[in-house]
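Listed below, chain by chain, are the residues.
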Amino acid sequence: MNRRLLILSGALLLPALPALAQQQRPTGVLDFLSGTGVGANAFVERATIGDNFEIQSSQILLEKSTHPQIREFAQDMITAHTAMSAELRALPEATTRQPASGDDRMQAKLASLRGYEGDDLNRWYVQMQVEAHREALTIYESYAENGEVGALKAFAQKHLPMIRMHLQRAEALQAPRPG
């Protein structure tokens with residue numbers, strides 16, 4: 001239970017790392033967590049959950065949608081996030097930090113997506129992709145800048161441009177089209 005609490009605490013602190021890093025000296029809970037690897041644990045957990053969500057939601061989309069541009073995007077998400085996930089799993093610094101499965105929030109989103117058809121499916125899939133990539137961008141930027149484990153920090157830095165590109169593509173799919 002204590003390990004889960006530490007992981008959760010780290011996950012909640014991760015988006016705030018850039019602001020906290022500007023302070024002269026960490027205080028309070030950051031002093032307590034300093035050097036514990038919680039930030040690395042949270043990064044690996046959130047990155048793994050994010051990859052799993054991208055892959056699974058894209059598989060749902062491919063099963064049910066005929067929209068050519070969104071299907072192409074979904075296939076690209078499966079390819080890219082499968083490769084990222086494999087690369088992360090191959091890092092010795094990540095192997096003991098990965099969660100066994102997704103979180104409840106991810107499972108709820110996937111269940112919701114399965115309930116949609118047609119235009120609603122396409123619209124909600126793209127919306128979920130935008131949200132997921134915004135969250136991933138925050139996590140990867142934070143860890144790329146403030147990460148404590150060199151190999152994981154390098155992984156985050158390496159994949160930031162791709163995550164930015166995925167977000168831009170998802171946002172472009174959201175843009176209104178001339179009718």
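Overview of the structure. Since this is a predicted model, take the numbers as computed values, not measurements.

According to the stated counting rule, one finds one cavity of 30 Å³ or more in the structure shown. Put simply, the largest cavity is a space of about 250 Å³. For the largest cavity, the lining is made up of 20 residues, of which Ile-49, Gly-50, Phe-53, Ala-132 and Glu-135 are closest to its centre. Residue contributions to the lining of the largest cavity peak at seven residues, all from helix H4 (residues 38-64). Within the lining of the largest cavity, the residues separate by chemical class into 10 nonpolar, three polar and seven charged.

Take the pattern of salt bridges next. As a working rule, side chains carrying opposite charge can pair if their charged atoms are close by. Applying the stated rule across the entire model yields 10 salt bridges. Between Arg-105 and Glu-135 there is a salt bridge, with the nearest N and O atoms lying 2.8 Å from each other. Here Arg-105, found in helix H7 (residues 104-114), pairs with Glu-135, found in helix H8 (residues 118-146); they are 30 residues apart in sequence, far enough to count as distant. Lys-109 is paired through a salt bridge with Glu-131; the nearest N and O atoms lie 3.6 Å apart. Placement of Lys-109 in helix H7 and of Glu-131 in helix H8 is noted, with a sequence separation of 22 residues between them. With a relative accessible area of 22%, Lys-109 lands in the partly exposed category.

Core analysis: the biggest nonpolar cluster contains 42 residues, and Phe-43, Leu-88, Tyr-125, Tyr-140, Tyr-143 and Leu-152 have the highest contact counts within it. Elements represented by at least two residues in this core include exactly H4, helix H5 (68-90), H7, H8 and helix H9 (150-174). For this core, the leading source of residues is H8, giving 12 residues.

Another point: the packing of H7 against H8. In the contact formed by H7 and H8, the axes pass within 10 Å of each other and the chain directions differ by 160°. Classified by the angle between their axes, H7 and H8 sit roughly antiparallel to one another. For the pair H7 and H8, the crossing hand works out as left-handed. Within the contact between the two elements, H7 uses Arg-105, Lys-109, Ser-112 and Leu-113 and H8 uses Leu-121, Trp-124, Tyr-125, Met-128, Glu-131 and Glu-135.

Interaxial distance between H5 and H8 falls to 12 Å at its minimum, and their mutual angle equals 30°. Along this stretch, H5 crosses H8, giving a crossing that reads as left-handed. Only Asn-122, Tyr-125, Val-126, Gln-129, His-133 and Tyr-140 of H8 make contact with H5, whose side of the interface consists of Ile-70, Phe-73, Ala-74, Met-77, His-81 and Met-84. The residue makeup of the contact of H5 with H8, split by class, is eight nonpolar, four polar and no charged.

With 25 residues, H9 should reach 36 Å at 1.5 Å per residue; the first-to-last C-alpha distance of 36 Å fits that figure. Along H9, the sharpest change in direction is near 40° and occurs at Leu-160; proline Pro-161 comes one to four residues later. Among all positions in H9, only Leu-152, Phe-155, Ala-156, His-159, Leu-160, Ile-163, His-166, Leu-167, Ala-170 and Leu-173 are buried.

With respect to the helices and strands, the residue Asn-122 is situated in helix H8. The exposure class assigned to Asn-122 is buried, which follows from its relative accessible area of 9%. Not counting chain neighbours up to four residues away, the residues in contact with Asn-122 comprise Leu-61, Ser-65, His-67 and Ile-70.

Cut-offs used in this document
- Along each chain, residues carry numbers from 1 onward, in the same order as the chain's sequence is written.
- The predicted nature of this model means local features are confined to residues of pLDDT at least 70 and side-chain atom pairs, given and counted, to a pLDDT of 80 or more, with totals for whole chains, interfaces and linings taken over all residues.
- Values reported for side chains reflect all heavy atoms of the structure, with hydrogen atoms and water molecules removed beforehand.
- With a 1 Å grid laid over protein atoms only, a set of points is called a cavity when a 1.4 Å probe fits there but cannot get out and a pocket when it is open yet has protein on both sides within 12 Å along at least five of seven lines; lining residues have an atom within 4 Å of a point.
- Grid points are joined across faces, edges and corners, and a volume is the space filled by probe spheres set on the points.
- Numbered from the N terminus, helices here are DSSP runs of H or I no shorter than four residues, and strands are runs of E no shorter than two.
- Under the scheme applied here, ten amino acids are nonpolar (Ala, Val, Leu, Ile, Met, Phe, Trp, Tyr, Cys and Pro), four are charged (Asp, Glu, Lys and Arg), and all others, including Gly, are polar.
- Whenever a carboxyl oxygen of Asp or Glu lies within 4 Å of a side-chain nitrogen of Lys or Arg, that contact is scored as a salt bridge.
- Categorising residues by exposure relies on relative accessible area from a 1.4 Å probe, with only protein chains included: less than 20% of the type maximum marks a residue as buried, more than 50% marks it as exposed, and the intermediate range marks it as partly exposed.
- Here, nonpolar core means buried Ala, Val, Leu, Ile, Met, Phe, Trp, Tyr and Cys residues that are tied together by side-chain atoms lying within 4.5 Å of each other.
- All axes here are fitted lines through C-alpha atoms, helices being fitted over the stretch that makes contact, and every angle between N-to-C directions spans 0 to 180 degrees.
- Orientation is classified from the angle alone, with under 35 degrees giving roughly parallel, over 145 giving roughly antiparallel, 65 to 115 giving roughly perpendicular, and any other angle giving oblique.
- Helix crossings fall into two classes, left-handed where the near helix is turned counterclockwise from the far one by less than a right angle and right-handed where it is turned clockwise.
- The contact criterion used throughout is that any non-hydrogen atoms of two residues lie within 4.5 Å.
- Multiplying 1.5 Å by the helix residue count minus one yields the expected span of that helix.
- The bend at a residue is defined as the angle formed between two axes, one fitted to the seven residues ending at that residue and one fitted to the seven starting there.

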